Amino acid sequence: MPGHCPVCAAPRRFLPPLGGVQADTSFRESLHCETCRCISRHRAAVAVLAEAVPDLPRARVYITEQASLLFMALRKRIGKLEGSEFVRSLRRRHALSAWMLAQGCRSYVRFQDVTALSFRAGSKDAVVSFDVLEHVPDYRKALREFARVLKPGGVLVMTVPFYAASASSETIAYVDREGKLQTLGPPEYHGDPVSQGVLCFHHLGWDLLAEMRAAGFAEAEALRVSDAGQGIPEPLWLFRARR
Ligand SMILES: [Zn+2]
């Protein structure tokens, strides 16, 4: 499928899913760009980011991932891009940094906890977070941190597995007062490129918009994005908020 890749900012071809196209194939997580290898969901988010932050090459952007193809591709477009992984182990971060170096990207993998970011208040033009929030026990605190580190007018672009039929978010796991993990029903693990699988704590519904505003964002929107010309044939949910 030919088109324009917003991550590469160039004409590219998007490759069919490895197992071929079935009746239940999701194009959200497939259609890799032949060059940057980013998927449909990444392209939709980067297209929204590029529209919200016109001077991307000079913008100060924080993305809640680092040992990823998307981070490596965005580093070519954004001069002041910082990423991180929720990996405390120094040895593991050495290994991830070595993997990035083998891909031709010299960038030491940093640790950040999205509920306690090390960045100064108002120090970022944009924060980008893809399918992270549902894994954070106190996701409201993470939203407050995203708002804190953004300058006034700064923008948050986010994807989550969105429950568009639900008015309210549902907590399916939590950490109790003793710090022990509790699950309500069968635990739900999502695939993660840096680990075996990450526990999902929340099914996020429409009240996410109100939570974003309560966290300090002046405006918050849910977007439905599709653009076959950018390799996004299936409409995807995205969240955009302005500090
Ligand atoms: Zn690309």
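Residues numbered from 1 in each chain as written. Predicted model: local features only at pLDDT ≥ 70, side-chain atom pairs only at ≥ 80, totals over all residues. Heavy atoms only, no water.

1. Overview of the coordination of the zinc ion
Summarising the metal site, the zinc ion is bound by the protein donors Cys5 (SG), Cys8 (SG), Cys33 (SG) and Cys36 (SG), whose distances to it range over 2.3 to 2.4 Å. For the zinc ion, the four donor atoms in the first shell make angles of 101 to 114° at the metal, a pattern classed as tetrahedral. Mapped onto the sequence, the residues coordinating the zinc ion show the spacing C-x2-C-x24-C-x2-C. Cysteine 36 carries the same exposure label as cysteine 33, and that label is buried. (Donors = N, O, S within 2.8 Å, 3.2 Å for Na, K, Ca; no water. Tetrahedral: all angles 85-135°; square planar, octahedral: opposite > 155°, others 65-115°. Buried < 20%, exposed > 50% of the residue type's maximum accessible area, 1.4 Å probe, protein only.)

2. Re the layout of surface pockets
Taken as a whole, the second largest pocket spans an internal volume of roughly 300 Å³. In terms of lining residues, the second largest pocket is bounded by 14 residues, among which Cys36, Leu69, Met72, Ala73 and Lys76 are the most central. The element contributing the most residues to the lining of the second largest pocket is helix α2 (residues 69-75), with four residues. Across the lining of the second largest pocket, the residue classes break down as seven nonpolar, three polar and four charged. (1 Å grid on protein atoms, 1.4 Å probe; cavity = no way out; pocket = protein on both sides within 12 Å on 5 of 7 lines; lining within 4 Å. Points joined across faces, edges and corners; volume = space filled by probe spheres on them. Helix = DSSP H or I, 4+ residues; strand = E, 2+ residues; numbered from the N terminus. Nonpolar A, V, L, I, M, F, W, Y, C, P; charged D, E, K, R; others polar.)

3. Focus on helix α3 (residues 90-102)
The first and last C-alpha atoms of α3 sit 18 Å apart over 13 residues, in line with the 18 Å expected at 1.5 Å per residue. All of the buried residues in α3 are Arg93, Leu96, Ser97 and Met100. The arc that holds the buried residues of α3, viewed along the axis, is 100°, so those residues lie on one side. Exposed and facing more than 90 degrees away from the buried side of α3 are Arg91 and Ala102. Where the residues of α3 are buried, they touch α2. Measuring from the side-chain oxygen of the N-cap residue of α3 to the backbone nitrogen of arginine 91 gives 3.4 Å; that N-cap residue is serine 89. (Expected span 1.5 Å × (residues − 1). Arc of directions from axis to C-beta. Contact = heavy atoms within 4.5 Å. Polar contact = N/O pair within 3.5 Å; in protein donor to acceptor, adjacent residues only side chain to side chain.)

4. Regarding the sheet that holds strand β4 (residues 80-83)
With mixed pairing, the six strands of this open sheet are ordered in space as β4-β3-β5-β6-β14-β13. Looking at which strands have only one partner, the edges of the open sheet turn out to be β4 and β13 (219-227). In this sheet, adjacent strand axes meet at a mean angle of 20° when their direction is disregarded. Taken together, the six bridges between strand β5 (residues 124-130) and strand β6 (residues 150-159) define a ladder with parallel strand orientation. Within β6, the residue paired with lysine 124 across the bridge is leucine 150. Sitting on the sheet, helix α1 (residues 40-52) is in contact with β5, β6, β13 and β14 (232-242), with an inclination near 45° to β14. Across the sheet, helix α4 (residues 139-149) touches β5 and β6, and the angle it forms with β6 is around 140°. (Pairing = 2+ DSSP bridges. Axes fitted to C-alpha atoms, helices over the stretch in contact; angles between N-to-C directions.)

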